[in-house]
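# Geometric and topological summary
Chain by chain, the residues:
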Amino acid sequence: MDIDVLNEKQKEAVLKTEGPLLVLAGAGSGKTKVLTTRIAYLIREKKVDPSSILAITFTNKAAKEMKYRIIGMLGPIGYSIMICTFHSFGLSILKEQYALLGYKENFTILDSDDTLTVVKKIMKEMNIDSKMYNPKAIRNAISSAKNELMTALDYEKYVNSDFSEKVLKVFKLYEQKLFHNNSIDFDDLLVLPITIFRKHPDILKAYQERYFYVLIDEYQDTNEAQYLLSKFISAKYKNICVVGDESQAIYSWRGANYRNILNFEKDYDNAEVILLEENYRSTQTILNAANDVIKNNTERKEKNLWTTNEEGLKINYHRAYDEMDEAYYVAREIKKLLEEGISKSEIAVLYRTNAQSRMMEEVLLRENIPYKVVGSVYFYNRKEIKDLISYLKLLYNEYDDTSLLRVINTPKRGIGLKTIADLSLKATHEQKSIYEVIDHGKELQFKNLIESLKKETEHLSITELVEVILEKTGMRKEYESEKSLEGEVRLENLEEFKSITKTFEQEHGIISLREFLDEISLVSDIEEHKANDDVVTLMTIHSAKGLEFENVFLIGMEENLFPHTKYECGKSELEEERRLCYVAITRAKKHLWFLNAKKRLVYGMDASNPPSRFIREIREDCLLKDEIEPIVSKDFSLNIDENISYSLGDKVFHEQYGSGVVIDINSSIVTIAFEYPYGVKKMIKGHKSIRKVS
DNA sequence: AGAGGCGAATTTTTT
DNA sequence: ATTCGCCTCT
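Residues numbered from 1 in each chain as written. Chains lettered and ligands numbered in written order. Predicted model: local features only at pLDDT ≥ 70, side-chain atom pairs only at ≥ 80, totals over all residues. Heavy atoms only, no water.

### A short note on the overall build of chain A
Operational definition: Where helices and strands are cited, they refer to DSSP runs of H or I of at least four residues and of E of at least two residues respectively, numbered from the N terminus. A radius of gyration in this sense is built from C-alpha atoms; the matching globule rule multiplies 2.2 Å by the number of residues raised to 0.38. Exposure classes here rest on a 1.4 Å probe applied to the protein chains alone. A residue is buried below 20% of its type maximum, exposed above 50%, and partly exposed in between. We call two residues in contact when some of their heavy atoms are within 4.5 Å. The method behind every accessible area is Shrake-Rupley, applied with a 1.4 Å probe, and residues are considered shielded solely by the protein chains displayed. When charges are counted, neither His nor the chain ends are considered; positive counts come from Lys and Arg and negative counts from Asp and Glu. Charge placement uses NZ in Lys and CZ in Arg. For Asp and Glu, CG and CD serve respectively.
For chain A, the helix and strand inventory stands at 28 helices and 21 strands. For 694 residues, the compact-globule estimate of 2.2 N^0.38 gives 26 Å, and the C-alpha radius of gyration of chain A, at 27 Å, lies within 12% of that figure. Overall, the C-alpha framework of chain A stretches about 80 × 75 × 55 Å when taken along its three principal axes. Counting across all 694 residues of chain A, residues that qualify as buried make up 55%. Excluding contacts between residues fewer than 6 apart, the proportion of contacts in chain A whose partners are at least 24 apart in sequence is 76%. As displayed, chain A has an accessible area near 32100 Å², and 51% of this comes from carbon and sulfur atoms. Of note, chain A has its 98 positive side-chain charges centred 2 Å away from the centre of its 111 negative side-chain charges.

### What about the pairing of strand β13 (residues 549-554)?
Note the threshold: For two strands to pair, DSSP has to find at least two bridges joining them.
The buried count for β13 comes to 6 of 6 residues, which makes it a mostly enclosed element. Pairing of β13 with strand β14 (residues 588-602), which is carried by 5 bridges, proceeds in the parallel orientation. Its bridge partner lying in β14, Asn 551 is registered against His 591.

### A few points about a negative patch on the surface
The following threshold applies: Note that patches include only residues with greater than 30% relative accessible area and no salt bridge, and the join distances are 9 Å for like charges and 5 Å for nonpolar side chains (Val, Leu, Ile, Met, Phe, Trp, Tyr). Take a side-chain nitrogen of Lys or Arg and a carboxyl oxygen of Asp or Glu: if they are within 4 Å of each other, that pair is a salt bridge.
A cluster of acidic residues, Glu 310, Glu 311, Glu 620 and Asp 621, forms a negative patch at the surface. Locating Glu 620 in the fold gives a position in the loop between α28 (613-616) and β16 (623-625). The class for Glu 620 is exposed, based on a relative accessible area of 72%.

### Considerations on the protein's contact with DNA strand C
Put simply, the rule reads: It suffices for a single heavy atom of a residue to lie within 4 Å of a molecule or strand for the residue to be listed as near it. Here a polar contact means two N or O atoms within 3.5 Å. Within protein one must be a hydrogen donor candidate and the other an acceptor candidate, and residues neighboring in sequence count only if both atoms are side-chain atoms. Residue type decides the class: Asp, Glu, Lys and Arg count as charged, Ala, Val, Leu, Ile, Met, Phe, Trp, Tyr, Cys and Pro as nonpolar, and the leftover types, Gly among them, as polar.
Every residue close to DNA strand C is listed here: Arg 358, Tyr 603, Gly 604, Asn 666 and Ser 667. Take the atoms of DNA strand C that sit within 4 Å of the protein: sugar and phosphate atoms are 44% of them. Contact distances for DNA strand C include 2.7 Å between a phosphate oxygen and a side-chain N or O atom of Arg 358. The residue makeup of the surface near DNA strand C, split by class, is 1 nonpolar, 3 polar and 1 charged.

### With respect to helix α21 (residues 441-457)
Basically, it comes down to this: Multiplying 1.5 Å by the residue count of a helix minus one yields the expected span of that helix. What the arc describes is the spread of directions from the helix axis to the C-beta atoms.
A rise of 1.5 Å per residue sets the reference length of α21, with its 17 residues, at 24 Å; its end C-alpha atoms lie 25 Å apart and thus fit the reference within 8%. For α21, every residue scored as buried is listed here: Glu 443, Phe 446, Lys 447, Leu 449, Ile 450, Leu 453, Lys 454 and Glu 456. An end-on view of α21 places all buried positions within 165 degrees of arc, on one side of the element. Residues Gln 445 and Lys 455 are exposed on α21 and point more than 90 degrees away from its buried face.

### Re the sheet that holds strand β3 (residues 82-85)
This is how it is decided: Geometry is summarised by axes, namely lines fitted to C-alpha atoms with helices restricted to the contacting stretch, and by angles between N-to-C directions that run from 0 to 180 degrees.
Ordered by their spatial adjacency, 6 strands build an open sheet running β3-β2-β6-β7-β1-β8, and the pairing between neighbours is parallel. The sheet is open, and its two edges are formed by β3 and β8 (272-276), each paired on a single side. Ignoring strand direction, the axes of neighbouring strands in this sheet form an average angle of 15 degrees. Summarising the sheet, strand β2 (residues 53-57) and β3 pair through 4 bridges and their orientation is parallel. Bridging across to β3, Thr 57 finds its partner in Thr 85. The strands that helix α3 (residues 60-74) touches are β2 and β3; relative to β3, the one it contacts most, it runs at about 160 degrees. Of the strands in this sheet, β2, β6 (213-216) and β7 (240-244) touch helix α11 (residues 224-234), which is tilted by about 165 degrees from β6.

### A closer look at the packing of aromatic side chains
The following threshold applies: Here the aromatic set is Phe, Tyr and Trp, taking the six-membered ring for Trp, and pairing holds for ring centres within 6.5 Å; pairs whose planes are under 30 degrees apart are stacked, those over 60 apart are edge-to-face, and all others are tilted. Sitting over a ring, as applied to charges here, requires NZ of Lys or CZ of Arg to be within 6 Å of the ring centre and within 35 degrees of the ring normal.
On inspection of all chains with the given rule, the structure shows 17 aromatic pairs. Members of the aromatic cluster, connected to one another through ring pairs, are Phe 197, Tyr 207 and Phe 232. Positioned over the ring face of Tyr 399 is Lys 104, at 4.5 Å from the centre of the ring. The positively charged end of Lys 681 is found above the aromatic ring belonging to Tyr 657, 4.8 Å away from the centroid.

### As for helix α27 (residues 571-585)
Relative to the 21 Å expected for 15 residues at 1.5 Å per residue, α27 spans 21 Å between its end C-alpha atoms, a close match to the ideal helical length. In terms of residue burial, α27 counts as a mostly covered element, since 12 of its 15 residues are buried. When α27 is considered as a whole, its buried residues turn out to be Leu 574, Glu 575, Glu 576, Glu 577, Arg 578, Arg 579, Leu 580, Cys 581, Tyr 582, Val 583, Ala 584 and Ile 585. Packed against the buried residues of α27 are α14 (284-294), β10 (347-351), α26 (541-544), β13, β14 and α28.

### Quick word on the side chain of Arg 139
Note on placement: Arg 139 falls in helix α6 (residues 135-147). The side chain of Arg 139 is buried and forms no salt bridge, while Asp 113, the nearest opposite charge, is found at 5.3 Å. At a separation of 3.2 Å, a polar atom in the side chain of Arg 139 contacts the side chain of Asn 140.

### Focus on the sheet that holds strand β20 (residues 680-684)
Reading across the sheet, the 5 strands line up as β20-β19-β18-β17-β21 and stay open at both edges, with antiparallel pairing between neighbours. Two strands close off the open sheet at either side, each with one partner strand: β20 and β21 (690-693). Neighbour-to-neighbour, the strand axes of this sheet turn through a mean angle of 40 degrees, independent of strand direction. The sheet contact formed by strand β19 (residues 669-674) and β20 spans 5 bridges and is antiparallel. Its bridge partner lying in β20, Ala 673 is registered against Val 680. Against the sheet, helix α16 (residues 357-366) contacts β18 (658-666), β19 and β20, and its axis sits at roughly 85 degrees relative to β20.

Structure, rendered in structure tokens:
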């Protein structure tokens, strides 16, 4: 553990172990290093019991990274430290205290799709028109209310419109329904522990004593519930260290309140504040640009990033003709970088909205530059996977109506809408779950099937159980008998799921269904276990938070797009956009490019936006305007056979990857699933390397 | 139950 | 421009 490699401020942050501490850590100032060293110091020097340390992060990825680094420093003892996300911390409490709130041990967690389904169902039952009131909006309103720690009862006081009146109605039933289903949503993972703590001071006390030292990462992103949970847990010993940077608060639209970090000193008497302003990541030029932009925000703590790094390259600024020209400029610059021997994994293209990735993808495909789009398709979101997970959830918690409804007629077993409606009505009426009220007909056969599978869970591993489910529910047969290529792909996905469970079991030993379900409920996607993929990264600025790349292209630097002003543009919204810009700029270590276009298609209409105000906020000598001839090129025909149309399920043959199936088509890109080991690839329509086979 | 047509919406995303 | 959800028709 190298305390000596830390700078003075970082050292202070490590050594001040007692009492409330606020570490304002600018971008690239070694925040994670401080956190991990601090934990190592507590254990090694202060002889603190690892199990009395609680470190909370926002994402699984961050938690994993921190754990990995700690274990690197301390060895296996690191495993016994509670390093987790807010939600998994909440779950750990609920697993111990569920009974206090009347839940049964086998409660399950609904994801945001599931909760939407519940909301829709309730709206239907209550005859609320889903055209007049958007179910998603209602779900979000409920979720926001819960994160503000409002119960349905509290919400009543805030009803001031038609919409909120409907929200209230749905909210009440929603909470009832979840309870009767013995299930909870993501928000409950934060809210219910707080409810318990408020009701049972003795239990709160026990947790306070268990976690003597508390660390919270990304404190600027805490919402009310998370804020309060942090406060409760550390209220007794007040050994709370929060780390964050209000300049990087970009989730206020999700209920995060960066004032939590600005108010830390008011919340905790004698709080010490340490500023980490030395940046180890970027060049002076990049930091100047970042500072120039962020200083236009009013609500922030004065902070000025500096570095001893060299001045570095200027920021290239290119105003392209249109979005295609913009993408081509980026592709050309990337090619230059690759020729210089720069690794693709050190190149990122960042944008404000997902829609912008499209043209970029198309051009990178045409130019044969390997890339990945972060956060596009979620494995767990595929239909067949969700169905399978629903079976698992139902086996664990038969009261889970959401899962039951998903699979009761999947694959088809002749249980129609009428039957389902009747069952739902009966269940609502008797305040029971659907499973409980099933007593005859084909649905009883289904119930018996579930009962027999439940028996199997006792002596099978998860992988074996999945196999039995695929067989006995007829899922496998269904897809096999389709004799369609789509069915084949779905079967492959299910096989892939089995390899996930297998890996999981190899890593964790024999695990219970509960452990497995918890894991997949709280992890949004599987590990990107294609490790050594050296490719260019495309992603939104939001997803780029916490990451760094030597070379960063920031595209769409235009008014209306970034800052984004689709709806209203209030001062606070603009400031959040500016923080987002700050985050984007500070991702770059060595070289940064700004791109925009004189005109582009927005919602199918020509739009021409002036350059982003953020560019103007940067001192001029940081920027190098690059004026080159626009590529107004029509000769994309290179390697392309025109007029080839595709439909889903078409069989194709690729000279390198062999035979494959078209699984997605969008304007000029086809997605093709090739056989093992090539997998799913995107290609430009009509590329000469692929041909259709009949 | 599945295909086709129409209208509406279209920032950011984790858990 | 395109996607998505809902509706109707086979």
